[in-house]
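# An overview of the molecular structure
Letter by letter, the chains look like this.
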Amino acid sequence: MGSLLIGAVLAGLTHGAELTYPSESSSSSMVTLTLDSVTIPYNNIVTRGYNGGVPGPTLRVSPGGTLSVSIVNNLLESNNKDCDTTGEHFCYAATSNFHTHGLHVSSKGTSDGLTYPSDDVTVEIAPGATQQFSIVLPDYHMPGTHWYHPHMHHATAIQAAGGLLGMIVVDDPSDYLPSDYSSMEEKILIFSGHNWETLQSIAGKAQSGLLETVADDLSTAGLETNVVFVNGQFQPTMSLESGKWYRFRNLFAAIEQNLIMTESGDATCTFKLLAKDGIYIDDMPRDITQIYMFPGGRSDVAVTCTCTTYPCTGTIDSAAARRLPPADGPGETDTYVGTVLNLAISQGSGTAANLPSATMTKPCYLVDLQSVSVDSGKTGALTLDGGSRSVKWNGVGESMTHANFHSWDAWTPLTTFEVGSVYEMTVTGVNGHPLHTHVNPFQITQMPASSYYEDFVKVGDWHDTLQLSDLGGSDSVTVRQQTDAFTGKEVIHCHILEHEDEGMMNFISISGTEGTTWSGAEGIDSTCYRTSYVSASPASSPAASPAASPAASPAASPAASPAAAPADATSQADTGNVQTVSASMMALLLLTTLCRL
Ligand SMILES: [Cu+2]
């Protein structure tokens, strides 16, 4: 115990161990993720992890690719108490499943006719069982930074924040990014938030076996009980060279708190925002001085650092810009305060050039929806109601408590949306509760102020996870989304995941013909793409039609793109079909381009 204390003090005085990076899987093969108890270096905590550690491997996939994942659940049946036994909303701690947070993919499963589940959070993998998932990304999926974690209702928080987490990178198509951006060296940075006080409390309620005394043990050892790890390490050191740009792929794998990160020390670092939640912003590179991360959110940031004399060091700390009064309990709405990452800067040979302004060509499901006139029947009020732990649509929506919720099939959805359309939600409650939507991301079209957090969040930006602590409780944010291609459940919940486990979740049922896309997209942005991204050749640039009509029709057009969604039962069962579809869509694209010329 004494040596641990000395070690902790030394770690505080000196720079920590060199940052390491998770292993990366090839997207072309099946990835096996084995859930088991693991021992992590911080006080030898025994928690749940994938493949022997925290975080799990980074999964890489290309647009149009398939994530084939086999989840092997080696957690112990003896730790799998049901909710009647625990008498709490926290239970089934050893039952798991697999959610791809941020991916624009089908939420369907085997009960819908798929051979293997896609991003289906209704799956339950019992202790000792193995389940394969097959998650097909559309050809036109936006490249970006996402993540995976279990989404087993009543056990999501203890599993995800306990250590079952990993990054997903959807790779940029070749020739997609300007070379100044594509040439950047990437740094995978998984900031995982572990408030062991919260986790000990949940573990006790769930009778989870693991983590039931974790915070007490840390206190006895004189160690911090609320920590943020980077790639599984506490306050490690990342070595960087001056004179070059790095692309930080930041993930805040967390179930509560915010990170507000700034750099200080002898090194001077410049941050430029490129993307949030796996979607490039329209005004990249955007000047930022702080990196704001909500629980579950991601950001891609270009970073370059210099020193007056070499080598030098810097520190990335998170500090509260404004500390909220405790709303629902300790830590739940607060910003994490502490050192996150140390930097060691050596002198490089190059010079970091000014980054050119760039607006990336977009897939049609992400065109700017701000000017669209949305049908009155396709608007409504979405409320994240912390008090009743519920998500409501136009004032209606039950809490998914253990008492209310018996099965996904028996649950009445909030409402029904039509696939291939545009919807508008006026959202309240995002001051205290991070809004997360599955399947379809959303664009912010209205906020009380045009930007928050020093331009980190602006009207027009896309997110799948959003929390704005600076809002008042009755302030609303208006967001729009396309219900692109995928029918089935669009799950919506609070990403303070203990709130989700307590019932703050619901879903919208998306109906219609699988694959239907919104025909109004090209009227807004004639360059948007519906198949694999193809780099624009000089010959095709005159086709950027100045006469394109901005008058967007939100009407669904079932015939618009019959082959757009590859995740239905037939195409998923046979990869060959997907390729055939892609080839035919490519032909259609060429034909369309020729017609425009
Ligand atoms: Cu919440």
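Fair warning: this is a prediction, and the values are worked out from it, not measured in the lab.

The rules behind these values
The written sequence of each chain sets the order in which its residues are numbered from 1. Confidence filtering applies because this is a predicted model: local features only for residues at pLDDT of at least 70, side-chain atom pairs given and counted only at 80 or more, and all residues used for totals across whole chains, interfaces and linings. By convention in this description, side-chain values take in all heavy atoms of the structure and omit both hydrogens and water. Pairing between strands is defined by DSSP: at least two bridges between them are needed. Think of it this way: any DSSP run of H or I at least four residues long counts as a helix, any run of E at least two long counts as a strand, and we number them from the N terminus. Water is not part of the atom set, so a site may look incomplete; the donors themselves are N, O and S atoms within 2.8 Å of the metal, or 3.2 Å for Na, K and Ca. Burial status follows relative accessibility: with a 1.4 Å probe on protein chains alone, a residue under 20% of its type maximum counts as buried, one over 50% as exposed, and anything between as partly exposed. Contacts: residue pairs with any heavy atoms within 4.5 Å of one another. Criterion for a salt bridge: a side-chain nitrogen of Lys or Arg within 4 Å of a carboxyl oxygen of Asp or Glu. Centre distance within 6.5 Å is the pairing criterion for rings of Phe, Tyr and Trp, where only the six-membered ring of Trp is used; planes under 30 degrees apart are then read as stacked, over 60 as edge-to-face, and the remainder as tilted. Lysine NZ or arginine CZ positioned within 6 Å of the ring centre and within 35 degrees of the ring normal marks a charge as sitting over the ring.

On to the sheet that holds strand S27 (residues 435-437), then. Spatially, S25-S35-S34-S27-S32 is the arrangement adopted by the five strands of the open sheet, whose pairing is mixed. Only two strands of the sheet have a single partner each, and these edge strands are strand S25 (416-418) and strand S32 (465-466). Judged from the three bridges that link them, S27 and strand S34 (residues 488-494) form a sheet pairing that is antiparallel. Residue Thr-437 lies in a different strand from S34, and its bridge partner there is Ile-492.

The next subject is the coordination of the copper ion. Only His-433 (ND1), Cys-494 (SG) and His-499 (ND1) from the protein reach the copper ion as donors, at distances of 2.0 to 2.1 Å. Written as a sequence motif, the donor residues of the copper ion are H-x60-C-x4-H. Of this pair, His-433 sits in the loop between strand S26 (422-428) and S27 while Cys-494 sits in strand S34, and the two are 61 residues apart along the sequence. The pair His-433 / Cys-494 is uniform in exposure class, with both members buried.

Attention now goes to the environment of Val-121. The topology assignment puts Val-121 in the loop between strand S6 (99-101) and strand S7 (130-136). Given a relative accessible area of 5%, Val-121 falls into the buried group. Between the C-alpha atoms of Val-121 and Asn-97, which are 24 residues apart in sequence, the distance is 6.7 Å. Not counting residues within four places of it along the chain, the set of residues in contact with Val-121 comprises Asn-97, His-99, His-151, Trp-408, His-438 and Val-491.

Within the secondary structure layout, Gln-347 lies in the loop between strand S22 (338-346) and strand S23 (379-385). Between the C-alpha atom of Gln-347 and that of Gly-243, which follows or precedes it by 104 residues, the distance is 7.5 Å. Residues within four places of Gln-347 in sequence aside, it is in contact with Ser-242 and Tyr-310.

Our focus in this paragraph is the pattern of salt bridges. Summed over the entire model, instances satisfying the criterion amount to 23 salt bridges. Between Asp-171 and Arg-60 there is a salt bridge, and its shortest N-O distance comes to 2.5 Å. Here Arg-60 lies in strand S4 (residues 58-61) and Asp-171 lies in the loop between strand S9 (166-170) and helix H4 (179-182), a separation of 111 residues in the sequence. For Arg-60, a relative accessible area of 16% gives the class buried. For Asp-283, the salt bridge is made with Lys-458, and the minimal N-O distance between the two is 2.9 Å. With a gap of 175 residues between them, Asp-283 in the loop between strand S17 (279-280) and strand S18 (286-288) and Lys-458 in strand S30 (residues 457-458) connect regions that are remote in the sequence. The class of Asp-283 is partly exposed, set by a relative accessible area of 29%. Judged by relative accessible area, which is 24%, Lys-458 ranks as partly exposed. A network of salt bridges, in which partner residues are shared, links Glu-24, Arg-60, Asp-171, Asp-172, Glu-186, Arg-247, Arg-249 and Asp-300.

Trans peptide bonds make up most of the peptide bonds, and negative phi angles are found at most residues other than glycine. Cis rather than trans, the peptide bond between Met-284 and Pro-285 has omega equal to 0 degrees. Looking at the secondary structure, you find Pro-285 in the loop between S17 and S18. The linkage connecting Tyr-310 with the following residue, Pro-311, adopts the cis geometry, with an omega of -10 degrees. Summarising the element assignment, Pro-311 is placed in the loop between strand S20 (298-306) and strand S21 (312-318).

We now examine the sheet that holds strand S31 (residues 462-463). With respect to topology, six strands assemble into an open sheet ordered S24-S23-S26-S33-S28-S31, the strand pairing being mixed. Because the sheet does not close on itself, it has two edges, and the strands there are strand S24 (390-393) and S31. Alignment of S26 against strand S33 (residues 476-482), held across seven bridges, turns out to be antiparallel. Counted as the bridge partner of Thr-428 is Ser-476 from S33.

Moving on, we get to the packing of aromatic side chains. Throughout the structure, instances matching the rule amount to 18 aromatic pairs. With 5.3 Å between their ring centres and 65 degrees between their planes, Tyr-529 and Tyr-533 make a pair best called edge-to-face. Tyr-529 gets classed as buried once you look at its relative accessible area, which sits at 5%. Residue classification places Tyr-533 among the buried positions, given a relative accessible area of 16%. One aromatic cluster is present, built from ring pairs that chain together Tyr-50, Phe-98, Phe-133 and Tyr-148. Note that Lys-489 overlies the ring of Phe-507, its terminal NZ or CZ placed 5.4 Å from the centroid.

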